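Spelled out from the first residue to the last, the chains are:
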Amino acid sequence: MSIAKRISAFFSGTSTPSRPSTQAPAPGGSTYAPERDGEPDPGEVVWAWVPYEDDPSQGKDRPVLVLDTAGDGPDDGWVGLMLSSQDHDRDAADEARWGRYWMDVGTGGWDPQGRPSEVRLDRLIHLERGGVRREGAALDETIFTSVVEARRGLSR
């Protein structure tokens, strides 16, 4: 399945997990399955290089919440949503005017300074297999499910 079809299936609720899991599927087809094994899994926050929207030739290393695999092939990578420690609540109306939507996800081991984070719901990031540098931590399952539901709500 192509990456575009996989992403579309993910948000329509027909995506299938890349491996069996005993965890219940999150809305959208992704299965919450963090595993400290060096491999990104849905529900984990990993660090990877994320290109800037206005200049994709530049970017920065940042935390990304893994939602699902990007395809069935061994080299397809993953899809996720970037995190930020900036507080977008105070400028939420302006952010929405530009089509940017953020959701609070709290603190976690992905930020060594323990700052609260927000996840950007409207910008899906493709993580290449060699582009993930490290696992940061796992997001709480309830928060992960809420993020997936909020992301799906944007695409309706």
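**Q** Before we move on, can you summarise the nonpolar core with the specific residues and values?
**A** Counting residues in hydrophobic clusters, the biggest one holds 19 residues, and the most contacted among them are Leu65, Trp110, Val119 and Val147. At the level of elements, strand E1 (44-51), strand E2 (59-69), strand E3 (78-84), strand E4 (102-106), strand E5 (117-127) and helix H3 (141-154) are the ones that each hand at least two residues to this core. Apart from the residues within four sequence positions on either side, valine 147 is in contact with Leu65, Leu81, Met103, Val105, Val119, Leu121 and Leu139. Val50, Val64, Val66 and Val132 belong to the second-largest nonpolar core, a separate cluster that totals 11 residues.

**Q** Explain the packing of aromatic side chains residue by residue, including any values.
**A** Tallying each qualifying case throughout the model produces one aromatic pair. Measuring from ring centre to ring centre gives 5.5 Å for tyrosine 32 and phenylalanine 144, while their planes differ by 50 degrees; the resulting arrangement is tilted. In this pair, tyrosine 32 is assigned in the loop between helix H1 (3-12) and E1 and phenylalanine 144 in helix H3, connecting sequence segments 112 residues apart. Summarising the burial analysis for this pair, tyrosine 32 and phenylalanine 144 share the class buried.

Criteria and thresholds
- Residues numbered from 1 in each chain as written.
- Predicted model: local features only at pLDDT ≥ 70, side-chain atom pairs only at ≥ 80, totals over all residues.
- Heavy atoms only, no water.
- Core = buried A, V, L, I, M, F, W, Y, C linked by side-chain atoms within 4.5 Å.
- Buried < 20%, exposed > 50% of the residue type's maximum accessible area, 1.4 Å probe, protein only.
- Helix = DSSP H or I, 4+ residues; strand = E, 2+ residues; numbered from the N terminus.
- Contact = heavy atoms within 4.5 Å.
- Phe/Tyr/Trp six-rings, centres within 6.5 Å; stacked < 30°, edge-to-face > 60°.

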